[in-house]
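# Architecture and fold: a report
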Amino acid sequence: MEYEKRLTELAPGDSVEGFYILKSAVSKLTTNGNPFLNAVISDVSGSMDAKVWNYGGPISAADDGKIVKIRGTVSEYRGSLQMTIERIRLAQNNDVYSISALVPCAPLDSGNAYHEITDIVSSMKDEDYKRLCEEMLRRHGEKFRQIPAAKSVHHSFINGLLMHTGNMLKIAECVASIYSETVDRDLLLAGTLLHDFGKEAEFEFSELGLVTDYSLRGKLLGHLTMGAEEIGEVGKELDLPQEKIVLLQHMILSHHGEPEFGAAVRPQCAESDLLSMIDLIDSRMEIYRETFQTVPAGSFSGKVFSLDRSIYHHKK
């Protein structure tokens, strides 16, 4: 029996006991009508799918984001590790565990990363875009530095939005310098910085700061609509030219590229087209990075559902 062992260090056949984060939990029924819990558990090293067979509660989706104590055995299923949990309960006040071993954070210095972003904003020549970005950072900077960029799929850890946006801004700077005759650098940078600010209102967060669910507004409106709405309000307060406000709103509403991927409208200017591609680049590269953490070099992963394929982790 392994105790308090990190998920990425486990192998098929290992038995483990310890505290982990219940990242998600869905109560389901087998084809025979028996209840079970379909879950994802995580720690600072990564996450793992888990099943609790013949289980009807009390733990459920209402406990997403909470810490649980589990005892289980690891196996391999369709090329990926999976845990069968024999015992599970919520952590209690008198339990002893390390939060730092549980909560995954972005692999960066958050202070330096935020400073790099403010330096990019300071370098803007267009005073309208610059003022808007500075005001949005003033209003949302603290949350922007802390929250995940997603509930799952990519950058779903503390400081995830900071990491995702910082990476995208670096790509945007590079691309804008190559296509300077076509691209308005400051518009591209402003849209890139602000494209996911609506996620602060889209999500609900656990006490540990991880995303547990979507808020009511998040479910009914989504971060694209809420982000574009706020840009309109703040832009009007700052007396920005209407066209600049509309361009930024368009970039936010179209940054998912196509309607089938959640875009409210398709990109219709060079900067919005670039933003949707830059967003895709960084999100996909993060999916690769996170997958490689549990796939040995020289082997294939199981099916990565967000990419709809297995991927090969080649040796460097």
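Just so you know, these numbers come straight off a predicted model, no measurement behind them. (Residues numbered from 1 in each chain as written. Predicted model: local features only at pLDDT ≥ 70, side-chain atom pairs only at ≥ 80, totals over all residues. Heavy atoms only, no water.)

## Some details on the overall build of the protein chain
Check the secondary structure of the protein chain and you find 9 helices and 10 strands. Its C-alpha radius of gyration of 21 Å places the protein chain within 12% of the 20 Å reference for a compact globule of 316 residues. Principal-axis analysis of the C-alpha atoms gives the protein chain an extent of 65 × 45 × 40 Å. Across the 316 residues of the protein chain, 48% fall into the buried class. For the protein chain, the proportion of contacts with a sequence separation of at least 24, taken over those separated by at least 6, is 56%. Of the accessible surface of the protein chain, which amounts to about 16,000 Å², a share of 50% is contributed by carbon and sulfur atoms. (Helix = DSSP H or I, 4+ residues; strand = E, 2+ residues; numbered from the N terminus. Rg over C-alpha atoms; globule rule 2.2 N^0.38 Å. Buried < 20%, exposed > 50% of the residue type's maximum accessible area, 1.4 Å probe, protein only. Contact = heavy atoms within 4.5 Å. Areas by Shrake-Rupley, 256 points an atom, 1.4 Å probe, with all protein chains shown as cover.)

## Focus: the pairing of strand β6 (residues 80-90)
Note: strand β4 (residues 46-53) against β6, 3 bridges, orientation parallel. Opposite Asp49, over in β6, you have Gln82 as the bridge partner. Relative to β6, strand β5 (residues 67-77) runs antiparallel, the two being bridged by 10 bridges. Opposite Ile70, over in β6, you have Ile88 as the bridge partner. The antiparallel pairing of β5 with β6 creates a hairpin that spans 2 residues between the two strands, and Arg78 there sits at a positive phi of about 55°. (Pairing = 2+ DSSP bridges.)

## A few points about the nonpolar core
Grouped together as the largest cluster of nonpolar side chains are 40 residues, with contacts concentrated most on Leu132, Phe144, Leu188, Leu193, Leu194 and Leu248. Those elements that provide at least two residues to this core are α1 (110-122), α2 (127-146), α3 (160-178), α4 (185-194), α7 (222-237), α8 (242-254) and α9 (270-292). When residues of this core are assigned to their parent elements, the largest contribution, 7 residues, is made by α3. Here Leu194 is in contact with Leu132, Cys133, Met136, Ile231 and Ile252, once residues within four sequence places are set aside. Core analysis: the second largest hydrophobic core is formed by 20 residues, Tyr20, Ala50, Val68 and Met83 among them. (Core = buried A, V, L, I, M, F, W, Y, C linked by side-chain atoms within 4.5 Å.)

## Looking at the pattern of salt bridges
Here the idea is simple: oppositely charged side chains can pair when their charged atoms come close. On inspection of all chains with the given rule, the structure shows 20 salt bridges. Of the charged contacts in the structure, one is a salt bridge between Arg138 and Glu135, with a shortest N-O distance of 2.7 Å. On the criterion of helical spacing, the pair formed by Arg138 and Glu135 is a turn pair, its members being 3 residues apart in helix α2. Notably, a salt bridge pairs Glu173 with Arg185, separated by 2.9 Å at the nearest N-O pair. (Salt bridge = Lys/Arg side-chain N within 4 Å of Asp/Glu carboxyl O.)

## Some thoughts on the packing of aromatic side chains
In total, this model carries 8 aromatic pairs according to the counting rule given. Ring geometry for Phe36 and Trp53: centres 4.9 Å apart, planes at 35°, overall tilted. Here Phe36 is found in strand β3 (residues 35-43), whereas its partner Trp53 is found in strand β4, with 17 residues between them in sequence. A residue is classified by how much of its surface remains accessible, and Phe36, at 9% relative accessible area, is buried. Classification of Trp53 as partly exposed rests on a relative accessible area of 43%. Site record: aromatic cluster; members linked through ring pairs are Tyr114, Phe144 and Phe197. Just above the ring of Phe205 sits the side chain of Lys143; from NZ or CZ to the centre is 5.8 Å. Over the ring of Tyr114 we find Arg145, and its NZ or CZ is 4.7 Å from the ring centre. (Phe/Tyr/Trp six-rings, centres within 6.5 Å; stacked < 30°, edge-to-face > 60°. Lys NZ or Arg CZ within 6 Å of the ring centre and 35° of its normal.)

## Quick word on the packing of α3 against α4
Relative orientation of the contacting elements α3 and α4 amounts to 165°, with a least axis distance of 9 Å. By the criterion of interaxial angle, the relationship of α3 to α4 is roughly antiparallel. In terms of crossing hand, the pair formed by α3 and α4 is right-handed. Taking contact as the criterion, the partners of Thr165, Met168, Leu169, Ala172, Glu173 and Ala176 in α3 are, on α4, Arg185, Leu188, Leu189, Thr192 and Leu193. Grouping the constituent residues of the contact of α3 with α4 by class yields 7 nonpolar, 2 polar and 2 charged. (Axes fitted to C-alpha atoms, helices over the stretch in contact; angles between N-to-C directions. Parallel < 35°, antiparallel > 145°, perpendicular 65-115°, else oblique. Left-handed = near helix turned anticlockwise from the far one by under 90°. Nonpolar A, V, L, I, M, F, W, Y, C, P; charged D, E, K, R; others polar.)

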